[in-house]
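Here is how the chains run, residue by residue.
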Amino acid sequence: MAAVSVENLRKRYGDHEALRGITFELGEGEVFSLLGPNGAGKTTTIEILEGYRPRDEGSVTVLGEDPARASRAWRGRIGVVLQSSAMYETLTVRESLATFAGYYERPRPVDEVVDAVGLEEKADSRVSRLSGGQRRRLDFGLALVGDPELIFLDEPTTGFDPGARRNAWEAIRSLRALGKTILLTTHYLDEAEQLSDRVAVLRDGVIVAEGTPADLTRTPATEIRWREDGQVHVERTQEPTRVLHELTGRALAANRELEELEVRRPTLEDVYLELTEDAGE
Amino acid sequence: MRLFVHELRTQLRLYSRSRELAFFTFLLPLILFVLLGSVYGDDTIDGFDGSSYLEAGMLGYGVTSVAFAGLAIFIVIRRESGILKRVRATPLPAWAYIAAVITATLVAYALNTAAVLALGRLLFDVPLPPHWLSLALTLLLGALTFAAMGLGLTVAIRSAEGASAAVNAIYLPMAFISGSFFSQHSFPQFLRAIADVLPLTYFIRMTRDVMLQGDEFWDHAGDIAVVAAWGAVGAIIALSRFRWAPSQG
């Protein structure tokens, strides 16, 4: 059974249609990214799935329940990492985790979570003394302490320096290694590419592409560029081997050099930019 | 119930570690008591000994400071920073959280009351109240009322920065007009008219009569009704409009 299933989800704020009928599914143990620029509808989507926001239309099932009418038991099965890492500043790391652990029926042992997020040395420090990266790790710990099956991460690394991002990625990979189903939103491509099994690209409230990171870059054509007679030629093709063979064959026959010959597979970034820039506005 | 006790422990710990709350809960009321008591503690006010009269007013000031102002400010700050939203995503029921917050506030107010009574006894020779049960019931009614009003007020405040200003702009004039610091007899007519609708006026009058006249809690059905009515309004607003998510985003 799918951990999350969303069908024709719609949401409007006044005149603005934030979600215009999106559909996707998320299997158990899968890491799924909602990728898109700011304002694409990522946070609206994730907050509807978390049960924070009501939807206007469509059906949503998360772990077998409708989040808009979710039970307490359901809340015990999900973990949420919000964009802001607000916590009680005067509690220590251990106290924070123990406080949240107490909310769940079968929490993970606090010390185990402290280790899992690498905060052993800071376990008895107050939250106010943590660095930004350490706070984020505690954030993951708070989402993890209830031993949830499904974890929502809303832009887990926005505003991080590269080192802190790598640490956060490691933390997310370790969640995945524990077999957790993860839904994350991000506007960083490399993040989606690095972490997810599947990606849905969201633009203006519509999913414009969906698949594995490899799928997304496979669909568009390979680009072959070269210079001939002072002019740059670009050819896009689904059959790069044949096109390249013909091209080089012709050049060899004519005893010419294909200057600046280049064969390029589009990166996810190219695909993303193409998807989120063209059409529309 | 287990969740309530668990959460109460956290709330008490948070309370005990907050310097702001310690200042507004204990230091400020006690400083005011000492200052005002030194100025007119030896006078006779409305037929009562000045310090005794002031002590009842201080318990009234304490209830607005701890249960109304303090509670409203820290709830808005927690809401706007996203802490309440995070708590809401867990299986902790809303009632357990709110009940723990209110109970922690009651504990803080009990300590504030003990400090005011002790200070009055030691510094100004104010006799201890005659009917402990009636005093406890009176203070409990006041604390619950002002806590409900404080929770209701959070609905109207939209930012953490504005919380302190908005709350102070309401509770300080209210404490003044309701007679926390001096007798209302010298007040102009319009201030008395305002005072006549404020719950704190009735609460202070009731507290004073229980402490100084030997009245019992249940002798004051009229005062109880006015105070409880305000509490009910606060509770209704809080129950129907309380927000867990920050105002922006």
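Residues numbered from 1 in each chain as written. Chains lettered and ligands numbered in written order. Predicted model: local features only at pLDDT ≥ 70, side-chain atom pairs only at ≥ 80, totals over all residues.

Some thoughts on the interface of chain B and chain A
The accessible area lost on association of the parts is a frequent measure of interface size. At the junction of the two partners, chain B supplies 17 residues and chain A supplies 18 residues. Contributing elements (two or more residues each) for the side of chain B that touches chain A: helix H1 (2-17) and helix H4 (83-88) of chain B. Among the elements that make up the side of chain B that touches chain A, the one with the highest residue count is H1 of chain B (five residues). The residue makeup of the side of chain B that touches chain A, split by class, is eight nonpolar, six polar and three charged. (Contact = placed C-beta atoms within 7 Å. Helix = DSSP H or I, 4+ residues; strand = E, 2+ residues; numbered from the N terminus. Nonpolar A, V, L, I, M, F, W, Y, C, P; charged D, E, K, R; others polar.)

Let's talk about the packing of helix H5 (residues 94-124) of chain B against helix H6 (residues 132-154) of chain B
Packed helices, taken two at a time, are described by the angle between their axes plus the distance between the axes. Residue and element names in this part refer to chain B. Contact geometry of H5 with H6 gives a least axis separation of 10 Å together with a crossing angle of 130°. When the interaxial angle is binned, H5 and H6 end up oblique. Between H5 and H6 lies a crossing whose hand is right-handed. Facing H5, whose interface residues are Ile102, Thr105, Leu106, Tyr109 and Thr113, H6 presents Leu139, Ala143 and Ala147. Considering only residue class, the contact of H5 with H6 consists of six nonpolar, two polar and no charged. (Axes fitted to C-alpha atoms, helices over the stretch in contact; angles between N-to-C directions. Parallel < 35°, antiparallel > 145°, perpendicular 65-115°, else oblique. Left-handed = near helix turned anticlockwise from the far one by under 90°.)

Points about the domain arrangement of chain A
Structurally, chain A comprises domain 1 (4-217) and domain 2 (221-265). Each of domain 1 of chain A and domain 2 of chain A has a C-alpha centre, and the two are 45 Å apart. (Domains from an automatic or database assignment.)

Things to note about the pairing of strand S11 (residues 231-237) of chain A
Residue and element names in this part refer to chain A. Examined bridge by bridge, strand S10 (residues 222-228) and S11 share seven bridges and lie antiparallel to one another. For Ile224, the partnering residue across the bridge sits in S11 and is Glu235. Taken together, S10 and the strand that follows it, S11, pair antiparallel across an intervening segment of two residues, in which Asp229 is found at a positive phi of about 50°. (Pairing = 2+ DSSP bridges.)

Points about helix H3 (residues 50-81) of chain B
Residue and element names in this part refer to chain B. The end-to-end C-alpha separation of H3 is 44 Å, in line with the 46 Å expected for 32 residues at 1.5 Å each. At Gly70, H3 shows its largest bend, some 30°. For H3, the buried fraction is high: 29 of the 32 residues fall into the buried class. Once H3 ends, the next one or two residues include Gly82, with phi positive near 105°. (Expected span 1.5 Å × (residues − 1). Bend = angle between axes of the 7 residues up to and from the residue. Buried ≥ 20, exposed ≤ 12 C-beta atoms within 10 Å, placed from the backbone.)

Notes on the environment of Thr43 of chain A
Residues and elements named next belong to chain A. Note on placement: Thr43 falls in helix H1 (residues 42-50). In this structure, the C-alpha to C-alpha distance between Thr43 and Thr90, residues 47 residues apart in sequence, is 29 Å. Leave out the neighbours within four places in its chain, and Thr43 touches Asp154 and Thr185.

Brief notes about the nonpolar core
Of all hydrophobic cores here, the largest spans 128 residues; its most connected members are Leu35, Leu97, Phe152 and Leu183 of chain A together with Ala67, Ala72 and Ala147 of chain B. A per-element tally of this core places H3 of chain B first, with 17 residues. Each residue touching Ala72 of chain B, except ones within four places of it in the same chain, is listed here: Gly150, Leu153, Thr154, Ala163 and Val167 of chain B. (Core = buried A, V, L, I, M, F, W, Y, C linked by C-beta atoms within 7 Å.)

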